[in-house]
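Listed below, chain by chain, are the residues.
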Amino acid sequence: MNPIIKTIRTTILSLCVLLVASEIEAQSYENLNRLEGNYLDTYYSEDTYEQAVHMAKLCDSVMSFYNALIGFKPSVSLLVLSPADWSNYTKFPVYGMPHYPNSKTLVVASDDNDFWNSMLPSLEKLPKEIAHAISNTYSDDSGNLTMRGFFDLLAIHELGHTFHEQGGLTTQRKWMGELFANIFLHTYIAEKEPTLLPALTTFPKMVVSSTDPGQLKYSTLSELENNYDLITQQYPQNYGWYQCKWHIGAANIYDEGGVGTFQKLWDVLKSNNEPLNNLSFATLLSNKVHKSVADVQLKWNK
């Protein structure tokens, strides 16, 4: 088995978080510390202050950027949790995955962890060019490999879902809901934190370039729509490939259409509530948003 696909077999729960039944009831955060002075109500575990400040600052910057762009801010609380506190505030089974257990709460991990580390295959098993890119991109100050940079950014993807849910968008397709969140993520990084683009893009490129779609059980968008729960629950590595394709698609959309593409997509998904067939949806996206967005559907298998 391809070593990259093998490593994400057990870890791509990270990319199907929306389908895990992990809702939590409203609860008090009195056992956590509260970080003052941020737009997001931010709570954090003991000894995680620095990561809480970092994540709160990042999320506040994202919220400010998009509020200026589209005139909307969702209501979100941020929880920065240690391994000891994780199970007290979320039912999500894997420590380390940014997710939202309900539409107004974003949960992130404070500590480096085995889940993040498991995302990376052994460099010795990778082609030299890919191994070099991974080593250069995902090493900490001590030279140790870590996926913290990638997973910290996935919190922005999850914020994108709170925007489209609380903003009342009709995404029409499951794949569009995920593509929207990836466009949301990539647009912010490209506009405000371009030095972080390698951390965002290297891993998805590695997965897509080293995977033969013909070896996957599912590879088309129609197959995804018809088997969404099955794919995410029983074929996580297959779903991981889809997510990486959406990451790359989002990068291409930004490169071709710029920040204005997100604004147009927001307006179109907010104002078109009636169900559309594939042709009508592609035509709408091409005419009212940007051809590159429609091409995610039209050229998926090319």
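The structure presented is a predicted model; accordingly, all values stated were derived computationally and were not measured.

Draft legend 1. Structural detail: helix α12 (residues 259-271). Relative to the 18 Å expected for 13 residues at 1.5 Å per residue, α12 spans 19 Å between its end C-alpha atoms, a close match to the ideal helical length. What α12 keeps buried is the set Thr261, Phe262, Leu265, Trp266, Val268 and Leu269. The secondary structure elements touched by the buried residues of α12 are α2 (49-70), α6 (148-166), α7 (174-192), α11 (236-257), α13 (278-288) and α14 (291-298).

Draft legend 2. Region of interest: unusual backbone geometry. Phi at Asp47 is positive, roughly 65°, even though this residue is not glycine. Counting through the fold element by element, Asp47 comes out in the loop between β2 (41-44) and α2. We classify Asp47 as exposed; its relative accessible area is 81%. For Gln172, which is not glycine, the phi torsion reads 70° and is therefore positive. Structurally, Gln172 can be placed in the loop between α6 and α7.

Draft legend 3. Quick look at α2. The end-to-end C-alpha separation of α2 is 31 Å, in line with the 32 Å expected for 22 residues at 1.5 Å each. Count one or two residues on from α2 and you reach Gly71, which has phi positive near 70°.

Draft legend 4. Fine view of the pattern of salt bridges. Scanning all chains against the criterion turns up three salt bridges. For Arg34, the salt bridge identified is with Asp41, shortest N-O distance 3.0 Å. Asp41 sits in the partly exposed class, given a relative accessible area of 32%. Via salt bridges that share partners, Lys291, Asp295 and Lys299 belong to a single interconnected network.

Draft legend 5. Highlighting the layout of surface pockets. Taken as a whole, the largest pocket spans an internal volume of roughly 240 Å³. The wall of the largest pocket is formed by Val208, Lys245, Ile248, Gly249, Asn252, Ser292, Asp295, Val296, Lys299, Trp300 and Lys302. Listed by contribution, the elements that provide at least two residues to the lining of the largest pocket are α11 and α14. Per-element tally for the lining of the largest pocket: the top contributor is α11, with four residues. Here the residues of the lining of the largest pocket sort into four nonpolar, three polar and four charged.

Draft legend 6. View of the side chain of Lys245. Tracing the backbone through its elements, the reader meets Lys245 in helix α11. No salt bridge is formed by the buried Lys245; the nearest opposite charge belongs to Asp212, separated by 11 Å. If we skip the residues at most four places from it in the chain, Lys245 touches Val208 and Trp300.

Draft legend 7. Main features of the packing of α12 against α13. Taken N-terminus to C-terminus, the directions of α12 and α13 make an angle of 140°; their axes are 10 Å apart at the nearest point. Relative to α13, the element α12 is oriented oblique. Seen along the crossing, α12 lies across α13 with a hand that is right-handed. Residues Lys264, Leu265, Val268 and Leu269 of α12 form the contact with α13, whose participating residues are Phe281, Leu284, Leu285 and Lys288.

What counts and how
Residues numbered from 1 in each chain as written. Predicted model: local features only at pLDDT ≥ 70, side-chain atom pairs only at ≥ 80, totals over all residues. Heavy atoms only, no water. Helix = DSSP H or I, 4+ residues; strand = E, 2+ residues; numbered from the N terminus. Expected span 1.5 Å × (residues − 1). Buried < 20%, exposed > 50% of the residue type's maximum accessible area, 1.4 Å probe, protein only. Contact = heavy atoms within 4.5 Å. Salt bridge = Lys/Arg side-chain N within 4 Å of Asp/Glu carboxyl O. 1 Å grid on protein atoms, 1.4 Å probe; cavity = no way out; pocket = protein on both sides within 12 Å on 5 of 7 lines; lining within 4 Å. Points joined across faces, edges and corners; volume = space filled by probe spheres on them. Nonpolar A, V, L, I, M, F, W, Y, C, P; charged D, E, K, R; others polar. Lys, Arg positive; Asp, Glu negative; His and termini not counted. Axes fitted to C-alpha atoms, helices over the stretch in contact; angles between N-to-C directions. Parallel < 35°, antiparallel > 145°, perpendicular 65-115°, else oblique. Left-handed = near helix turned anticlockwise from the far one by under 90°.

What is shown is where atoms sit, not what they do.
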